[in-house]
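Structural overview
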Amino acid sequence: MESLHPRIRLLWIAQTAILAAVLGAVLVAVDRWLVPVPTAGLVGIVAVAAVLGIAYAVRLYQIWQFELQGDALYLERGVITFVETAVPFVRVQHVDTQFGPVERTLGLSSVVVYTAGSRNADVRIPGLTPDRARKLQDTLRELAVESEADDAV
Amino acid sequence: MNRLHPFSAVVYALRYGLLWLWVPFFLVTALAGTVAAVSIAWLPVVTALGFLFGAAYGIVYYYRFEYGITPDTFDVASGVVARRSREIPYRRIQNVDVRQGVLQRVLGLAVVTVETAGGGNSEAALQLVSKSEADRLQHQIRRRTAGVDADDPDRATSEASEDGRPLDDEPLDEQPSRVDRTPETPPASETRPRREPTEPSRKRLFALDSRELLLYSLTTLRPAALAAVGFLFFFATDTILDFLVTLSQPFGGPQDLQTGDTQSYGVLTVVSMINGIVITYLVSVAYTFATYYDFRLGRVDEDFVYERGLLQRYSGSIPAEKVQSVTITDNPLQRLIDYAGLWVETAGYGPDSSGGSQSAVPMARAAHVHRFAENLTHVETPAFASPSPIARRRYLVRYSLIAAVVVAAALALAQVAPLERWYLAAVVFAAVPPAAHLRYVHLGYYVGEDHLVIRRGFWRRRTTVIPYFRIQTVSTRRSVFQRRLGIASLVVDTASSRTLFWDTPTIYDVDLEDARGAHRTGRKRLQSALRERARADDAGFSVDFT
């Protein structure tokens with residue numbers, strides 16, 4: 001099983017920090033215009049949210065794993081709900097590599113695998129180095145072509 | 001390339017004319033207030049000009065709209081200024097539907113839509129062709145779609161014999177069996193799947209007789225009816241309120257909405273609620289009746305074809321090769337009288353808003369529906385396994401929590417409103433054990449030789465048969481609570497697009513080992529089924545969607 005790049009934790013923590021900041025802003029707004037919120041309480045709530053977010057990010061990194069198995073791409077992920085997904089190569093419609101501005105700064109990239117399914121139709125593997133992402137994309141594409149099923153949805 | 005029926009020119013002219021007359025209307029109205037040179041008196045003239053422009057556009061649109069059948073693709077070219085020409089390969093076509101509204105039936109016209117798996121709407125819509133042209137198109141496309149996948153000699157000969165007959169694709173209602181079909185005495189054999197010896201290319205599989213149609217209408221509740229009644233209420237609020245007040249007066253309701261005491265308002269509320277429920281139910285019955293009136297399902301070569309509708313007539317075809325899964329549905333009422341319905345799911349979008357799901361048998365005796373499903377999929381009679389007994393405990397806890405929320409809500413309401421005896425809300429706890437039990441007993445799954453069968457739901461129970469061959473992804477999901485109890489849910493995703501109303505088929509709350517076992521089996525059987533199909537294709541057999 002392959003883990004994600006450790007730097008993905010930074011990305012997730014950054015996302016949490018943004019969320020905590022938004023929460024703080026909302027609380028400040030409530031304090032200003034609606035009900036007075038004690039400053040200690042405000043700081044406390046934001047701090048708790050931030051700590052929970054960081055703990056979540058660290059745990060999620062520990063849990064996230066994927067593997068190219070004989071017939072399928074296999075992934076394990078999820079802190080609250082733990083999900084083990086198998087995406088058979090025959091079912092892969094196309095594969096993308098993507099990276100957003102924050103991911104780019106951190107030197108990370110994601111691979112998104114699309115199937116014709118209805119739910120979980122796209123499976124995202126975040127936190128890969130650009131090289132690894134491109135290699136994974138190529139491998140998946142080759143495996144998908146190799147195992148092409150002629151059943152045309 | 002062909003053109004649409006000339007009447008379409010009139011329709012398009014009217015449609016675009018009515019659309020375009022508003023543009024100068026609003027422009028002049030807005031400018032008249034601000035710019036001195038523009039006068040409101042111009043309105044009649046500019047509106048007429050706008051209409052003429054729109055009508056001209058509509059007529060040009062008609063002349064620029066072309067469609068045609070080529071050996072490999074179905075082509076549609078359209079657009080006045082920006083041209084779009086679209087070629088749809090036959091092998092990608094999911095289904096071809098023909099729709100006729102009331103006026104269109106009088107005029108002998110129809111709308112043809114072609115669906116593929118991608119996108120949110122129809123890939124091609126031919127607005128108004130003659131009914132005979134619609135049938136010809138449906139038949140031609142269907143034949144070519146079947147022809148693409150088939151290179152076996154058997155199919156080729158059957159196609160050749162078909163070609164010999166000119167326009168042999170008679171509409172279903174011209175069948176002789178229709179004549180002796182009287183509503184009072186539906187022959188029992190009518191509903192059985194059987195071969196029509198006189199009609200080699202078209203096999204009648206099912207026809208909904210009047211008894212079944214009535215039972216189906218009476219036992220099905222449609223959310224659309226609720227929406228319709230809500231919509232009506234929104235637009236005629238005052239009239240309806242007056243009407244409701246009048247109706248409640250014989251039972252002690254208030255004289256009008258302003259004067260009344262607590263008791264008369266209470267009576268008004270109760271009576272209006274009963275009225276609302278009855279009216280919604282009647283609308284739902286009428287809707288179902290009109291939609292599924294004279295439903296019949298047949299099979300032509302490799303396609304299922306169906307027809308239905310009282311006012312608006314639908315006819316569609318589903319290639320058997322494209323069927324993703326098959327679902328048997330029933331609700332408590334239908335279970336009571338031992339009836340059920342059968343749906344087939346494809347990856348395309350159907351003529352209803354219900355996604356790629358088409359009713360194959362709206363309603364029939366449960367035993368018959370099961371036999372039908374077994375014939376359709378070749379699935380063996382499933383021996384359902386129940387989820388882990390722990391699951392029942394889990395539902396007990398879950399529903400208790402919901403009941404606790406209800407009681408808490410009543411308590412909160414008692415703080416702000418004069419609500420005495422709020423603790424009577426605790427009676428909802430009495431419903432918890434039966435609810436948990438019912439949910440549990442209706443869950444079931446069966447890991448078969450070639451299929452996975454999943455049953456779930458009490459109010460609308462669904463038994464879905466998924467050929468391993470159609471699996472897209474499999475996921476084992478475990479929430480925090482499930483992990484603590486050592487159970488898991490298995491989500492089996494297929495390419496059918498019915499997800500807005502129906503959840504993805506899921507085996508809920510089975511022991512982790514069973515879930516993992518089913519997960520492995522699904523993956524393994526998918527691969528072996530694929531290999532088998534590849535072999536069969538090489539050998540030249542035609543394989544059904546199983």
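Residues numbered from 1 in each chain as written. Chains lettered and ligands numbered in written order. Predicted model: local features only at pLDDT ≥ 70, side-chain atom pairs only at ≥ 80, totals over all residues. Heavy atoms only, no water.

Structural notes on the sheet that holds strand β5 (residues 92-98) of chain A
Strand pairing in a sheet relies on backbone hydrogen bonds, with the paired strands running either antiparallel or parallel. Residues and elements named next belong to chain A. If you trace the three strands from one edge of the open sheet to the other, you get β5-β6-β7, paired in antiparallel fashion. Single-partner strands in this sheet number two, and they are β5 and β7 (122-128). Between one strand axis and the next, the sheet turns through 15 degrees on average, direction left out of account. Bridge analysis of β5 against strand β6 (residues 109-115) gives six bridges, and the strand direction is antiparallel. Within the sheet, the bridge partner assigned to Asp 96 lies in β6 and is Val 112. Its contacts with the sheet put helix α4 (residues 130-146) on β5, β6 and β7, and the angle it makes with β5 is roughly 170 degrees. (Pairing = 2+ DSSP bridges. Helix = DSSP H or I, 4+ residues; strand = E, 2+ residues; numbered from the N terminus. Axes fitted to C-alpha atoms, helices over the stretch in contact; angles between N-to-C directions. Contact = heavy atoms within 4.5 Å.)

Focus: the interface of chain B and chain A
Between chain B and chain A, the contact holds 34 residues from the first and 27 residues from the second. Taking both sides of the interface into account, the surface hidden between chain B and chain A amounts to around 2700 Å²; carbon and sulfur atoms contribute 43%. Counting the surface chain B buries against chain A, the share from its top three residues, Gln 472, Thr 473 and Arg 523 of chain B, is 22%. The interface formed by chain B and chain A contains three salt bridges. Applying the counting rule to chain B against chain A returns 13 residue pairs in polar contact (both at pLDDT 80 or more). (Buried area = accessible area lost by both parts, 1.4 Å probe. Salt bridge = Lys/Arg side-chain N within 4 Å of Asp/Glu carboxyl O. Polar contact = N/O pair within 3.5 Å; in protein donor to acceptor, adjacent residues only side chain to side chain.)

With respect to the confidence of the model for chain B
Residue and element names in this part refer to chain B. For chain B, the mean per-residue pLDDT works out to 81, and 85% of the residues sit at or above 70. Here helix α6 (residues 153-164) stands out as the element of chain B with the lowest mean pLDDT, 37, in contrast to strand β14 (residues 444-447), whose mean of 94 is the highest. Taken together, the stretch residues 151-200 has pLDDT below 50 and engages in 69 contacts with residues farther than four places along the chain or on a different chain. Across residues 541-546, where pLDDT falls below 50, the model places 25 contacts with residues more than four positions away in sequence or in other chains. (pLDDT = per-residue confidence, 0-100.)

Structural notes on the confidence of the model for chain A
On average, residues of chain A carry a pLDDT of 88, and 93% of them reach 70 or more. Mean pLDDT across the elements of chain A ranges from a minimum in helix α3 (residues 101-105) of chain A, with 85, to a maximum in strand β2 (residues 65-68) of chain A, with 94.

A few points about the pairing of strand β15 (residues 451-456) of chain B
Residue and element names in this part refer to chain B. With six of six residues buried, β15 is to be regarded as a mostly interior element. Here β15 shows two buried faces, one formed by His 451, Val 453 and Arg 455 and the other by Leu 452, Ile 454 and Arg 456. With six bridges joining them, β15 and strand β16 (residues 461-467) adopt antiparallel strand pairing. When the sheet's bridge partners are listed, Val 453 is paired in β16 with Val 465. Counted between consecutive antiparallel strands, the loop separating β15 from β16 contains four residues, among which Gly 457 sits at a positive phi close to 95 degrees. (Buried < 20%, exposed > 50% of the residue type's maximum accessible area, 1.4 Å probe, protein only.)

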